Structures are given as structure tokens and as C-alpha cells.
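# A closer look at the structure
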Amino acid sequence: MSSKYEFDFDPAVTNTSHGLVVGVIPAGSRVLDVGCAAGYLGDALQAKNCTVHGVELDEEAAETARTRLASVVVADAELLDYEAQYGADAFDVVVLADVLEHTRSPERVLEGALSVLTETGTLVISIPNVSHGSLRLGLLQGRWNYTPLGLLDETHIRFFTWDTLQDLLVDAGLSITDAWMTTADPLATEVDIDPAELPDGVVDWVRGQPLALGYQFVLVVRRAVAGETPKRVEPVPAGTAVVPPESPSLLSAREEAEQLRRALTDRDDELRTAKEIISLQEVTALQDVQALRRSITWRVGNGVLAPARLVARAARRLTSTKS
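Going along each chain's sequence as written, the residues are numbered from 1 onward. With pLDDT at 70 or above as the cut-off, local features in this predicted model cover only qualifying residues; side-chain atom pairs require 80 or more to be listed or tallied, and sums for whole chains, interfaces and linings still use all residues. Excluded from the side-chain calculation are hydrogens and water; included are all heavy atoms of the structure.

Buried Ala, Val, Leu, Ile, Met, Phe, Trp, Tyr and Cys residues form a nonpolar core when they are joined through side-chain atoms within 4.5 Å. The buried label applies to any residue whose accessible area, calculated with a 1.4 Å probe on protein chains only, is under 20% of its type's maximum; exposed applies above 50%, and partly exposed to all values in between. With 37 residues, the main nonpolar core has V94 and L123 as its most contacted residues. Only DSSP runs of H or I covering at least 4 residues are called helices, and only runs of E covering at least 2 are called strands; the numbering of each starts at the N terminus. Put simply, the parts of the chain that give this core at least two residues each are β1 (30-34), α4 (82-86), β4 (91-97), α5 (106-115), β5 (117-128), α7 (162-171), β6 (174-183) and β7 (214-223). We call two residues contacting when some pair of their heavy atoms lies within 4.5 Å. Once you skip the residues sitting within four places of it in the chain, L123 turns out to touch V94, L110, A113, L114, L117, L174, L219, V220 and V221. Judged by nonpolar contacts, the second largest core, of 25 residues, contains I25, L69, V95 and A97.

Next up, the structure:
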């Protein structure tokens, strides 16, 4: 059975972590690929006249990788004694492509990788971005669902943002020389998102947040020299995140919501106009009453009717007394 991490890729496509990793490794390098799986990176690197050795935990995948690489050691990347296995200064480049997130102690793996690296050698690292927009939207919907592959690969046990990744590297005595991020729209990944259930504007707001389109980070790092304070850097987008077309059901839901919003707005306008008309009629009626009471006709009529009202009240009292 082949490894789930074995797949074909085009090294010329730069908006993938594998294409970036292959692209930044100098031709003719001596390379150690930690977590080499079935050796697919080594295949691509051999086209650049690199000599590639591998470390792989899965024995079956390692067996396949041996047909592609110069050598493969079956070992746990956290437990391997790298220097005892390969010797100091053995490699120009050590590749940690999608490895550190699978380890409990990434610091130990970095230390081992440095022990076999030449003084001027580099580490090439790729790692998923736990603050990608899809995961932010998923959490808004109460979702953190593991998947066979991807940002929430079911075997990931460590998670990194860009800041926490830089902290890890600085603490390990490393300095970033180059950094990129592959890009993917928050609605175009394997993460389960239901955009129709999100408030209007939230998806676009998340898209606009710093590094929210960064799917994976790819870095070239070296040893920091004595007295050097490693610089904080920002990754360069390796491509353009393509916004997926909205599904017909989502478009229909949005259109229905817009129609309802317009209907409610029209109804509010009608109620507001009716209230204004009623208020105006009340004011006019009050003014008419006040004007009537001030008129001569009102005062004369009231004077004529006043004695009659008094007689009527007296008659009612007399009738009441007799009864």
C-alpha cells in the first residue's frame, strides 16, 4: 500500500510547498530529506543533480523511497542520532517538509538537523498555517474537524502561526533568509465551511486579515551568527488565491436574503410615512379645535348653552330627590 503522502506534483508550479522546496535548493546539493515518505521530492531533486538521502518512519514508504534516493534510514525523526548516523558536515541542505507539525518536540528535530549541516548550510522548512482563513471561519461555526490530509491532518500534533513559528526558529538559534507562503482562498480548501450560515461580510473580512490567505509557509533558514539578532520577516505570497465561484444554492440564498432585506426596508419606509401623516393630522386637528375655541361663534354658543345646561342639571337633581 502506498503512503498517503505520496503524490505527483509539478516542480514548476510555485504555489505549492513542494514546488517551492524544490525550487530553492541549489543544484548539485547534498540533501537530507527528513520525512521523505516514498521519495517523491528526491525524484524532483535528482533532476537538479542533487544527491538525496532520506529518513522515514513508515517502513513500506521507505522501501519505495530506496528505489529513488541514495539511501533511506527507517527511524523516528525525533529519536534519531543524526550525527552518529551521517557524521558532521554531511549535508548542504536538510529538508523538513511538512515534518515539524507531526512531532512532539520540533526543537529536537531542528537540533538533530543542524548537527549534520555544513557551517554555511541551510534548512528548508514547510509547515501549515493554523491561522489560515478557513480555520478561522470554521471556528466561528464551532468546527475543528480533522481530515486525512491538509491543515488539520489527523496526525498533526503541533500547530503554528507565523509568529509562533518564528519564535521556534529564533529559540533554536536560526535566522530566516527567505520566506514564502502558498495561498488558498478560505472557501477553497478541504476545511468544512458553510458560508451561507455566516453573517454577511464575514468571509470578505477574514480574507483581508494579515496572512489569512497563507495556506503553508516555506522558509530557508541558516544558523544565526554569534551576536546576531534574527530579524522578524513577513512571508511573500507565492501565488494568487483564487476565489471559488459561489454555488447555485448559496447564490439563491443570498438573493432571497437580499429580496427580504429590500422588502423590510420598503415596509419600514411605508410605516414611517404613515406615522408622519398621522402626526400631521393630529397636529392639524388640534390646531382646528384651538382656533374654534378662540372664535366668536364658539364663545357666543357656549354662553347661550350654559344656562340650559344649568337648568338640566337642576332638573336631574329635583327628580332624584323626589324619588
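The buried count for β4 comes to 6 of 7 residues, which makes it a mostly enclosed element. In short, DSSP must find at least two bridges between two strands for them to pair. Pairing of β1 with β4 involves 3 bridges; the strand directions are parallel. Looking at the pairing, L32 lines up with V94 of β4. Here β4 runs beside β5; their pairing, made up of 6 bridges, is parallel. Residue V95 lies in a different strand from β5, and its bridge partner there is V124. The handedness of the β4 to β5 crossover, carried by α5, is right-handed. Here a crossover is taken to be right-handed if, once the strands point away from the viewer, the path from the first strand over the helix to the second is traced clockwise.

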